[in-house]
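Examining the three-dimensional arrangement
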Amino acid sequence: MGMSTVFSRIIAGELPGRFVWSDEQCVAIASIAPITAGHMLVIPRIEVAKFTETDDVLLSQLMKVAKAVGQACEVAFDAPRAALIIAGFEIDHLHLHVFPAWGDTELSFAKAHPATADELDAACERVRTALIELGYSAKVPTDMYHR
């Protein structure tokens, strides 16, 4: 596979991850350094570095998944909005940050903090439950630790 990013290794099952979504083109996993509880990363299965270089069909799918995950974040955490940030400076594999937000002050990676395993598990269960309630059960892996 050549240069395998940390995200490719998580998708391949070589590194642990908590999955809330899995389809043919992408996955959504919990961020280990959430800005707010429920912070998820929508990641294409193929390694593409920048959203500006992404195939339009794939980019459209990533945005649709980000929308669904965002809806689940709003429901699960009773948030007025879901925020979406595409930055990608830390890992050379496109990922969309989706998380519950209550205001502009949350739109900063300076607010990100490491979460405990229990906090991540609890946040994932809330998002997974909301995704199922919203009608996306076919895309929610049965076991959050497997894609």
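For the structure, see preceding data.
Residues numbered from 1 in each chain as written. Predicted model: local features only at pLDDT ≥ 70, side-chain atom pairs only at ≥ 80, totals over all residues. Heavy atoms only, no water.

**Points about the overall build of the protein chain**
Counting its secondary structure elements, the protein chain contains three helices and five strands. In terms of C-alpha radius of gyration, the protein chain reaches 14 Å, essentially the compact-globule figure of 15 Å for 147 residues. Overall size of the protein chain, expressed as C-alpha extent along the three principal axes, is 40 × 35 × 30 Å. Looking at the protein chain as a whole, 46% of its 147 residues are labelled buried. Long-range contacts, defined here as pairs at least 24 residues apart, represent 61% of the contacts in the protein chain between residues at least 6 apart. Here the protein chain has roughly 7700 Å² of accessible surface; of this, 56% comes from carbon and sulfur atoms. With 12 positive and 19 negative side-chain charges, the protein chain shows a spacing of 2 Å between the two charge centroids. (Helix = DSSP H or I, 4+ residues; strand = E, 2+ residues; numbered from the N terminus. Rg over C-alpha atoms; globule rule 2.2 N^0.38 Å. Buried < 20%, exposed > 50% of the residue type's maximum accessible area, 1.4 Å probe, protein only. Contact = heavy atoms within 4.5 Å. Areas by Shrake-Rupley, 256 points an atom, 1.4 Å probe, with all protein chains shown as cover. Lys, Arg positive; Asp, Glu negative; His and termini not counted. Charge placed at Lys NZ, Arg CZ, Asp CG, Glu CD.)

**Considerations on the pattern of salt bridges**
All chains considered together, the criterion is met by four salt bridges. The residue Glu-125 makes a salt bridge to Arg-128 at a minimum N-O spacing of 3.8 Å. Here Arg-128 and Glu-125 lie together in helix H3 (residues 117-133), a separation of three residues that amounts to about one turn. Overall, Arg-128 belongs to the buried group, its relative accessible area being 6%. (Salt bridge = Lys/Arg side-chain N within 4 Å of Asp/Glu carboxyl O.)

**Description of helix H2 (residues 56-77)**
Given a rise of 1.5 Å per residue, 22 residues ought to cover 32 Å, and the 31 Å separating the end C-alpha atoms of H2 matches this to within 8%. Residue Asp-55 occupies the N-cap position of H2, its side-chain oxygen lying 3.0 Å from the main-chain nitrogen of Val-57. Asp-78 sits one or two residues past H2 and shows a positive phi near 50°. (Expected span 1.5 Å × (residues − 1). Polar contact = N/O pair within 3.5 Å; in protein donor to acceptor, adjacent residues only side chain to side chain.)

**As for the packing of aromatic side chains**
Within a pair of aromatic rings, the relevant descriptors are the distance that separates the centres and the angle that separates the planes. A complete count under the given rule lists one aromatic pair for this structure. Seen from their ring centres, Trp-21 and Tyr-136 are 5.5 Å apart, and the 55° between their planes marks the pair as tilted. With Trp-21 in strand E1 (residues 19-22) and Tyr-136 in the segment after H3, this pair connects stretches of sequence that are 115 residues apart. Using a relative accessible area of 26% as the deciding quantity, one classes Tyr-136 as partly exposed. (Phe/Tyr/Trp six-rings, centres within 6.5 Å; stacked < 30°, edge-to-face > 60°.)

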